[in-house]
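The primary structure of each chain is shown beneath.
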Amino acid sequence: MIRTLLWLLAGVLLGGIIHIVVILALPYFATEDVWSRVAALQAIDKPVVLPVPKPGEPNPLRLDPDMVYAVCQVNLADGPGVLSGTLPDAFWSIAVYNRAGAVIYSTTNRDGIGQNLDLGIFNAAQTRLLAQQQLDVAEGLLIVESPQNNVFALVRLAPPHPAMRARYAEALSQLECGNIQ
Amino acid sequence: MRFLTHLLLMFAVALAVGFGLSWYALSDGRLFGAYRVGPWAAWPAAGSPTPDPYTRAHIARTGALQLGQSEGLEFVASTDSQGRPLDRACTYRVHGTTPVASFWTLVAEAQDGTNIARSEGEEALHSARLVRNEDGTAVIFVGKRLSPLNWLEITGEGPFSLALTLYDTAAFGGVGSGADTLPAIDREDCA
């Protein structure tokens, strides 16, 4: 009897180890992750307005039907990434994601940026050049330091009314995105 | 023979505990990582640059575009305030206050994230377009049958969940942030 209980206890301990391994390994084995979904949009060095699924359509990225989204993917190995443009006077926010789908930087236009979006994404080496003033950037540029080279930025724009969606999507597609050479 | 039985028993227990616990921890974050208040669950670390292992597994598992920490926070409820799973055959009354935010949206979605609102109707409820009481609170009805005030009409059969997304929110912002002022979900009659 005691021996059976010991075996069961060993099973529970082994189960705990399996649990920890599963939790830690899951991100490395996920194939349908956010990066592969965004990469499929071909938004390299240009903004792509995401189609928000209608009711009844699959919504893998879990987009909010009340928002308009634009995504842009940059590789910092080709130079610092930059995302700039003028957006409508409504709530908007920006998030920079890494390869794992974690948000490395986010802000909203309520933080005093107003209507002008001017964001630069730099990797560690480029940040050092920036600190040594060997990299020429425009004044007022919002500087984001990224540990990795593969990043994408997502702009969320909130139209006050659904009738404004088309115009707001147009404004998002006018954003400039790419590498500083 | 006895040894073999014990060995098989141990592996069965290990597999059940290991994978069962993992699944349980990642559904609404019932063990670690998630913040739960009433029927609502949120992953506050999902928008942080260095999420904890459970949140990282959750991000990988959903494959969704997470809201950054300064952008907002999404709460999901798949049960009512009494703990019963949300069923599309029933009408639900969502009422009460919400944490401080610039605005919020309420979406009814199926298990896989598909929006289940009627396609010709409102796809989501927006906090700026609600009928409100004199004290600023709003009563929202979610269900298939015609309802007064604010009605989010849904379609289909089976379970569903409600996603409440707070944009530019002060929830988790410290003192008086009001993360515990989320609305209650009460079941009305079922068809």
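Above this text you will find the structure in question.
Predicted model, so just to flag it, every value in this text is computed and none were measured. (Residues numbered from 1 in each chain as written. Chains lettered and ligands numbered in written order. Predicted model: local features only at pLDDT ≥ 70, side-chain atom pairs only at ≥ 80, totals over all residues.)

### Regarding the sheet that holds strand S8 (residues 150–157) of chain A
By definition, the strands of a sheet pair up through backbone hydrogen bonds, in either a parallel or an antiparallel sense.
Residue and element names in this part refer to chain A.
Right, on to step 1. Sheet architecture is open: five strands sit in the order S1-S2-S8-S4-S5, paired in antiparallel fashion. Both outer strands of the open sheet, strand S1 (48–50) and strand S5 (103–108), are each paired with one neighbouring strand and no more. On average, adjacent strands in this sheet sit at an angle of 20 degrees to one another, irrespective of strand direction.
Right, on to step 2. Alignment of strand S2 (residues 68–75) against S8, held across eight bridges, turns out to be antiparallel. (Pairing = 2+ DSSP bridges. Helix = DSSP H or I, 4+ residues; strand = E, 2+ residues; numbered from the N terminus. Axes fitted to C-alpha atoms, helices over the stretch in contact; angles between N-to-C directions.)

### Focus on the pairing of strand S9 (residues 161–167) of chain B
All names here are of chain B.
Right, on to step 1. Across the seven residues of S9, seven count as buried, placing the element largely inside the fold.
Right, on to step 2. Side chains of S9 alternate between two faces, with Ser161, Ala163, Thr165 and Tyr167 and Leu162, Leu164 and Leu166 buried alike.
Right, on to step 3. When strand S3 (residues 72–77) meets S9, the two strands line up antiparallel, connected through six bridges. Bridge pairing in S9 places Ala77 opposite Leu162.
Right, on to step 4. Bridging between strand S5 (residues 103–109) and S9 involves seven bridges; their strand directions are antiparallel. (Buried ≥ 20, exposed ≤ 12 C-beta atoms within 10 Å, placed from the backbone.)

### Comments concerning the interface of chain B and chain A
Frequently, the measure chosen for interface size is the accessible area removed from exposure when the parts meet.
Right, on to step 1. The interface is formed by 50 residues belonging to chain B together with 50 residues belonging to chain A.
Right, on to step 2. When contributions to the side of chain B that touches chain A are tallied by element, the ones reaching two or more residues are helix H1 (2–26), helix H2 (53–62), S5 and S9 of chain B.
Right, on to step 3. Looking at the side of chain B that touches chain A element by element, the count peaks at 12 residues for H1(B).
Right, on to step 4. Grouping the constituent residues of the side of chain B that touches chain A by class yields 25 nonpolar, 18 polar and seven charged. (Contact = placed C-beta atoms within 7 Å. Nonpolar A, V, L, I, M, F, W, Y, C, P; charged D, E, K, R; others polar.)

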